[in-house]
Amino acid sequence: MAAAYTHPHTSDDARADSKPDTSGPITQFYNCRVLRDHELVDDSLYIQNGKIIDPTNMFWDEQRIPDVRIDCKGGIVSPGYIDLQINGAYGFDFSNDTDIIEEAVSNISKGLLLQGCTAYCPTTVSSRPEVYHKVLAHLGPRVGSIESGATILGAHVEGPFISPQKKGAHELATLRVAKNGLADFEECYGLDNLRKYVAYVTMAPEVEGVLESIPKLIKATGISISSGHSNATTAVANKAHTSGANMITHLFNAMHAFHQRDPGVIGLLGASEPRPFYGIICDGIHVHPHSVMIAYNAHPAGACLVTDAMSAQSLPDGFYKLGEMDVDVHGGHVYIKGTNTIAGAIITLAECVRNFIKFTGASKVEALENATLHPAQMLGITDRKGTLAHGADADILILDDNLFVQRVFVAGMEATDKNVIFRKRL
């Protein structure tokens, strides 16, 4: 197993004692526009030992010059993309491939890295307890590298404490209630598994026992909570938010439809500050472009682009698995086999970023921050992910003016199809 990555909930104080190593080679990215402080700035970016550095010390104290200079050819330098919700890709599925889970994680992580997604939360759909006890240890935080692929930020556990009425592609037989409070979460996931391996959990606050358990679960494990697959009224959704749930899972999908007198979970877009973050799938299938525009105009600082991709991402049309369910993929659409129920997506995060601009007319900065800064803020990891601030991890993209990925760097090392080797399972 690859080296463990610092868990999203590790305190800043626990990292404050370490001093940066200034002995390694320094790389300068020049002739570029750097995404910094909500602007694209004509500047250079300097990295050393896998971190972004302040060049002042290099110039004035050490009197050094960069060891390597990378000409960005006028491109945009952005933090690497962060996907908070992805069920699988390249023929592998985090919920279904339990017997080859390390192979699945390795190949997906490497493939995502080459797409420009340098960090992600592997997502499990509603499953039986034995699945969680088997796979979560393999989905916990681990460091990104050329050898291991994209950084894993901890798992996103989607279900099974969700609404049967809004289950979407989740298997009904796996769904649960929490009438015994934390004891039911312990039985289902294992609280220690949540502490060690999970970044956040999606649950429906109206399900028996969930609302009362939210603050207790956060206190006991340190995870984040997202409201989703929910038929909750606005009053219940708002209570979940004020109890600590800081995210909405794939906004508009698998939730109470908007109504002017009771907008349900969607109504949290108009909640009191601080409002929750929300994942949104910009494939033009899950959410109409006008709905994307409405959400963004209502709460621009909360938007987190997610793919909700399943195992067929980057593969031909055909039949695939999502957890234990058979799905039919054709023409960019994913349905539970034999139905018209949407079952995930096959879009990449890079495509979501470009689509967001098409759908909303947003600026490049706004679109990029929805796939970098906002996801990092949701997880509380902006000290090292989602920004190009000094001290952050050197996970870097060079993009052209149309936001197509030109080059990818993870921990300061360039990732290419020559040094990142993975396989697709057809």
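Before reading on, note that the structure itself is shown above.
Residues numbered from 1 in each chain as written. Predicted model: local features only at pLDDT ≥ 70, side-chain atom pairs only at ≥ 80, totals over all residues. Heavy atoms only, no water.

All right, on to the pattern of salt bridges then. Tallied over the entire structure, the rule returns 18 salt bridges. Residue Asp192 pairs with Arg195 through a salt bridge whose shortest N-O separation is 3.5 Å. In this pair, Asp192 and Arg195 both sit in helix α6 (residues 191-197), three residues apart, roughly one turn of the helix. For Asp192, a relative accessible area of 38% gives the class partly exposed. The exposure class assigned to Arg195 is partly exposed, which follows from its relative accessible area of 36%. The closest approach of N and O atoms between Arg275 and Glu273, which form a salt bridge, is 3.1 Å. The network of salt bridges with shared partners includes Lys51, Lys385, Asp393 and Asp395. (Salt bridge = Lys/Arg side-chain N within 4 Å of Asp/Glu carboxyl O. Helix = DSSP H or I, 4+ residues; strand = E, 2+ residues; numbered from the N terminus. Buried < 20%, exposed > 50% of the residue type's maximum accessible area, 1.4 Å probe, protein only.)

This paragraph deals with empty space enclosed by the protein. The gaps left among the atoms become clear once a water-sized probe is rolled over them. Using the criterion set out here, one finds three cavities of 30 Å³ or more in the structure. Computed from the structure, the largest cavity encloses a volume of approximately 90 Å³. Considering the residues around the largest cavity, the lining is formed by 14 residues, among which Val125, Ser126, Ser127, Gly323 and Glu324 are closest to the centre. Per-class residue counts for the lining of the largest cavity are five nonpolar, six polar and three charged. There is about 50 Å³ of room inside the second largest cavity. Around the second largest cavity, the lining residues are Pro79, Gly80, Ile82, Thr118, Ala119, Arg384, Lys385, Gly386, Thr387, Asp393 and Asp395. Of the residues contributing to the lining of the second largest cavity, the split by class is three nonpolar, four polar and four charged. (1 Å grid on protein atoms, 1.4 Å probe; cavity = no way out; pocket = protein on both sides within 12 Å on 5 of 7 lines; lining within 4 Å. Points joined across faces, edges and corners; volume = space filled by probe spheres on them. Nonpolar A, V, L, I, M, F, W, Y, C, P; charged D, E, K, R; others polar.)

In this structure, the second largest pocket occupies an estimated 260 Å³ of space. Contributing to the lining of the second largest pocket are 18 residues, with Gly168, Ala169, His229, Ala254 and Ile342 lying nearest its centre. Classifying every residue of the lining of the second largest pocket by side-chain character gives six nonpolar, 10 polar and two charged.

It is a general feature of regular strands that their side chains alternate between the two faces of the sheet. The element strand β12 (residues 198-203) is extensively covered by neighbouring structure, given that six of its six residues are classed as buried. As paired elements, strand β11 (residues 155-158) and β12 share four bridges and run parallel to each other. If you follow Glu158 over to β12, its bridge partner there is Thr202. Two strands pair when backbone bridges link them, and β12 and strand β13 (residues 224-227) are joined in this way by four bridges, in the parallel orientation. If you follow Val201 over to β13, its bridge partner there is Ile225. Following the chain from β12 across helix α7 (residues 210-221) to the adjacent parallel β13, one finds a crossover that is right-handed. (Pairing = 2+ DSSP bridges. Right-handed = clockwise from strand over helix to strand, strands pointing away.)

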